[in-house]
Amino acid sequence: QQQVKQSPQSLIVQKGGISIINCAYENTAFDYFPWYQQFPGKGPALLIAIRPDVSEKKEGRFTISFNKSAKQFSLHIMDSQPGDSATYFCAARIVGTALIFGKGTTLSVSS
Amino acid sequence: NAGVMQNPRHLVRRRGQEARLRCSPMKGHSHVYWYRQLPEEGLKFMVYLQKENIIDESGMPKERFSAEFPKEGPSILRIQQVVRGDSAAYFCASSPGTMNTEAFFGQGTRLTVV
């Protein structure tokens, strides 16, 4: 119940395309859902986050869509650029506890 | 405001030695989390600490691993008698408190056991 399942494991998108990464969870006590971006040799960086009382949040080219009834949330990267090539992690958290991460998606944006 | 500082960035230890990893949280942050990342894998939670308290150590191996976050100074993750399987990247994150949810990561310590 504490797991967060992320898919796909890897993704190749052409420059200018839309990248979509999906995550699913079981525990309805999760109340915070962030996405992190990690470049090789670096630490994960917080990208965007959402709470379950909101169905969508947009920051620049990055959008989180949240479906509470389906217990799923996704990251959409619009107009994907080569500089977006990185590993993306979804996560979830119950208040007062640590973040639980998905296994990550390696995104490659081809120019 | 400096970010989360981890040192050393790279650490090489021989089997059987001790590894000591340090994490200084962001200014004003009193919550620290340690994660382990193996190649091609996600971030595995190890331990969650507040100043002078261990809140959750459910992800930490029962033997050889310990963590502390003293009143003064950085948080320390200690691995005794290291084995080759301990080779990984260890990341520390910090947050201001329980209700403030944003957690920020350091650049990690890459431990290699030879």
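Note that the structure is predicted; figures quoted are calculated from it, not measured. (Residues numbered from 1 in each chain as written. Chains lettered and ligands numbered in written order. Predicted model: local features only at pLDDT ≥ 70, side-chain atom pairs only at ≥ 80, totals over all residues. Heavy atoms only, no water.)

### Brief notes about the sheet that holds strand β3 (residues 19-24) of chain B
Residue and element names in this part refer to chain B.
Phase 1 of the analysis: On the basis of which strands lie adjacent, the open sheet formed by four strands has the order β1-β3-β8-β7 and antiparallel pairing. Among the strands making up the open sheet, the edge pair consists of β1 (5-7) and β7 (65-68). Shown here is a sheet whose adjacent strand axes are inclined to one another by a mean of 15°, direction ignored.
Phase 2 of the analysis: The sheet contact formed by β7 and strand β8 (residues 75-79) spans four bridges and is antiparallel. (Pairing = 2+ DSSP bridges. Helix = DSSP H or I, 4+ residues; strand = E, 2+ residues; numbered from the N terminus. Axes fitted to C-alpha atoms, helices over the stretch in contact; angles between N-to-C directions.)

### Regarding the environment of Pro8 of chain A
Residues and elements named next belong to chain A.
Phase 1 of the analysis: Relative to the helices and strands, Pro8 is located in the loop between β1 (4-7) and β2 (10-14).
Phase 2 of the analysis: By relative accessible area, which is 27% here, Pro8 ends up partly exposed.
Phase 3 of the analysis: Residues Pro8 and Asn67 lie 59 residues apart in sequence; the distance between their C-alpha atoms is 18 Å.
Phase 4 of the analysis: In this view, Pro8 contacts Ile20, Ile21, Gly104 and Thr105; residues no more than four positions away in its chain are not counted. (Buried < 20%, exposed > 50% of the residue type's maximum accessible area, 1.4 Å probe, protein only. Contact = heavy atoms within 4.5 Å.)

### A short note on the pairing of β8 of chain B
All names here are of chain B.
Phase 1 of the analysis: Counting buried positions over the five residues of β8 gives five, a clear majority of the element.
Phase 2 of the analysis: Because side chains alternate across β8, one face comprises the buried residues Ser75, Leu77 and Ile79, and the other comprises Ile76 and Arg78, equally buried.
Phase 3 of the analysis: One ladder, built from five bridges, connects β3 with β8; its direction is antiparallel. Its bridge partner being in β8, Leu21 is matched across the sheet by Leu77.
Phase 4 of the analysis: Count of turn residues in the β7/β8 antiparallel hairpin: six residues, of which Gly73 carries a positive phi of about 95°.

### Thoughts on the interface of chain A and chain B
Phase 1 of the analysis: Each partner contributes residues to the interface: chain A has 19 residues there, and chain B has 21 residues.
Phase 2 of the analysis: Where chain A abuts chain B, roughly 1700 Å² becomes buried across the two surfaces, and 54% of that area is made up of carbon and sulfur atoms.
Phase 3 of the analysis: Three residues stand out in chain A for area buried against chain B, namely Pro44, Ala98 and Phe101 of chain A, and they jointly supply 24% of the buried area on that side.
Phase 4 of the analysis: Counting across the interface, chain A meets chain B through zero salt bridges.
Phase 5 of the analysis: Counting the contacts that link chain A with chain B gives five residue pairs in polar contact (both at pLDDT 80 or more).
Phase 6 of the analysis: Of the residues in the side of chain A that touches chain B, the class split is nine nonpolar, six polar and four charged. (Buried area = accessible area lost by both parts, 1.4 Å probe. Salt bridge = Lys/Arg side-chain N within 4 Å of Asp/Glu carboxyl O. Polar contact = N/O pair within 3.5 Å; in protein donor to acceptor, adjacent residues only side chain to side chain. Nonpolar A, V, L, I, M, F, W, Y, C, P; charged D, E, K, R; others polar.)

Honestly, that's just the spatial picture; any functional story needs more than this.
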